[in-house]
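# Coordinate inspection notes
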Amino acid sequence: MDETMDTQPFKLDPQLADSTVVVGHFPLSLVLLSKDANFPWCLLVPKRANMTELHHLSDIDRQQYAKESGYLSEAMVALFAPDKMNMAALGNHVSQLHIHHVARFKDDVAWPNPIWGAAPAKEYDEEELRSRLSRLRSALACDFFQAES
């Protein structure tokens, strides 16, 4: 890893910022909720500048990222009871390192295919978004998660 990366401030990619809502913070990562209500869909973004690949993280950060990803996945399974948890780190449109965590169901609009391009994005109504954020924040509650207020 290039040590100069650590001295620059973390900035969330504008495309990620526009397409998500902040759920909260783990010690390493920002937890985001996709604004596409077709799926329970969270993203985990390490708060490190200029990270585009998992192998760019230090060994310690990689271990922490894996821990946070596992915790997020377990919380989503407990909350949504999906048929399958899909996780992906693509980076073809947004190069900033992030892992998608998507709860999938056999009756969702894309099953069994990938979610991208399967259906137009569906906006949350205000109450549904508030409820989803509240439920996620409760499911993630622990001593190493800070909910966004």
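To start, this report covers the structure provided alongside it. (Residues numbered from 1 in each chain as written. Predicted model: local features only at pLDDT ≥ 70, side-chain atom pairs only at ≥ 80, totals over all residues. Heavy atoms only, no water.)

## Some points on the overall build of the protein chain
Put simply, the test is: Secondary structure follows DSSP: runs of H or I at least 4 residues long count as helices, runs of E at least 2 residues long count as strands, and numbering of each begins at the N terminus. The globule rule used for comparison is 2.2 Å times the number of residues to the exponent 0.38, while the radius of gyration itself is calculated over C-alpha atoms.
Each helix and strand in the protein chain was counted, giving three helices and six strands. Taken from N to C terminus, the helices and strands of the protein chain fall in the order α-β-β-β-α-β-β-α-β. Rg of the C-alpha trace for the protein chain: 15 Å, near the compact-globule value of 15 Å for 149 residues, within the 12% margin. With the C-alpha coordinates aligned to their principal axes, the bounding extent of the protein chain is approximately 45 × 35 × 25 Å.

## Quick word on the pattern of salt bridges
Any two side chains of opposite charge can pair, on the condition that their charged atoms come close. What counts here: Any Lys or Arg side-chain nitrogen found within 4 Å of a carboxyl oxygen on Asp or Glu counts as a salt bridge. Classification of residues uses two cut-offs on accessible area relative to the type maximum, computed with a 1.4 Å probe and protein chains only: under 20% is buried, over 50% is exposed, and between them is partly exposed.
Under the criterion given, the structure shown has five salt bridges. Residue aspartate 108 pairs with arginine 104 through a salt bridge whose shortest N-O separation is 2.7 Å. There is no split in this pair, since aspartate 108 and arginine 104 are both buried. Linked by salt bridges that have partners in common, Glu126, Glu127 and Arg130 make up one network.

## Remarks on the environment of phenylalanine 80
What counts, and what does not: Note on definitions: a residue-residue contact is assigned when non-hydrogen atoms from the two residues lie within 4.5 Å.
Tracing the chain through its elements places phenylalanine 80 in helix α2 (residues 59-80). A relative accessible area of 13% means that phenylalanine 80 is categorised as buried. Distance in space between the C-alpha atoms of phenylalanine 80 and arginine 135 is 9.9 Å, their sequence separation being 55 residues. Beyond its immediate stretch of four places on either side in the chain, phenylalanine 80 contacts Pro40, Ala103, Phe105, Arg132, Arg135 and Leu136.

## Observations regarding the layout of surface pockets
Put simply, the rule is: Think of a 1 Å grid over just the protein atoms. A cavity is a set of points where a 1.4 Å probe fits yet cannot get out, a pocket is an open set with protein on both sides within 12 Å along at least five of seven lines, and lining residues have an atom within 4 Å of a point. Grid points are joined across faces, edges and corners, and a volume is the space filled by probe spheres set on the points. All residues other than Ala, Val, Leu, Ile, Met, Phe, Trp, Tyr, Cys, Pro, Asp, Glu, Lys and Arg, Gly among them, are scored as polar; the first ten of these are nonpolar and the last four charged.
The volume enclosed by the largest pocket comes to roughly 420 Å³. In terms of lining, the largest pocket is formed by 18 residues, of which the most central are Gln15, Trp41, His93, His100 and Trp116. The element contributing the most residues to the lining of the largest pocket is helix α1 (residues 14-19), with three residues. Taken as a whole, the second largest pocket encloses approximately 170 Å³ of empty space. If you trace the second largest pocket, you find it lined by Gln8, Pro9, Phe10, Lys11, Asp13, Ala49, Asn50, Met51, Thr52, Ser95 and Gln96. By residue class, the composition of the lining of the second largest pocket is four nonpolar, five polar and two charged.

## Notes on the packing of α2 against helix α3 (residues 126-140)
Put simply, the rule reads: Axis geometry follows a simple rule: fit a line to the C-alpha atoms, using only the stretch in contact for helices, then measure angles between N-to-C directions, giving values from 0 to 180 degrees. Roughly parallel here means an angle under 35 degrees, roughly antiparallel means over 145, roughly perpendicular means 65 to 115, and every remaining angle is called oblique. Note on convention: the crossing is left-handed when the near helix lies turned anticlockwise from the far helix by less than a right angle, right-handed when the turn is clockwise.
Axis separation between α2 and α3 bottoms out at 9 Å; the angle between their running directions is 120°. Considering their axes alone, α2 and α3 lie oblique with respect to each other. Pair α2 / α3 crosses with right-handed handedness. The residues of α3 that touch α2, namely those facing Tyr71, Leu72, Ala75, Met76, Leu79 and Phe80, are Arg132, Arg135, Leu136, Ala139 and Leu140. The residue inventory of the contact of α2 with α3, partitioned by class, reads nine nonpolar, no polar and two charged.

## Quick look at the packing of aromatic side chains
The criterion, for reference: Each Phe, Tyr or Trp ring, with Trp reduced to its six-membered ring, pairs with another whose centre is within 6.5 Å; inter-plane angles below 30 degrees give stacked pairs, above 60 give edge-to-face pairs, and intermediate values give tilted ones.
Considering all chains together, one arrives at six aromatic pairs under this definition. Ring plane angle 70° and centroid distance 6.4 Å describe the contact between phenylalanine 39 and tryptophan 41, whose orientation is recorded as edge-to-face. On the accessibility criterion, phenylalanine 39 (2% relative accessible area) is buried. Overall, the relative accessible area of 10% leaves tryptophan 41 in the buried class. Plain terms: the ring middles of tryptophan 41 and tryptophan 116 are 6.0 Å apart, the flat faces sit at 90° to each other, and that makes the pair edge-to-face. Of this pair, tryptophan 41 sits in strand β3 (residues 41-46) while tryptophan 116 sits in the loop between β5 (99-104) and α3; the two residues are 75 residues apart in sequence, bridging distant segments of the chain. For tryptophan 116, a relative accessible area of 42% gives the class partly exposed. These aromatic residues form a ring-pair network of at least three members: Phe26, Tyr71, Phe144 and Phe145.

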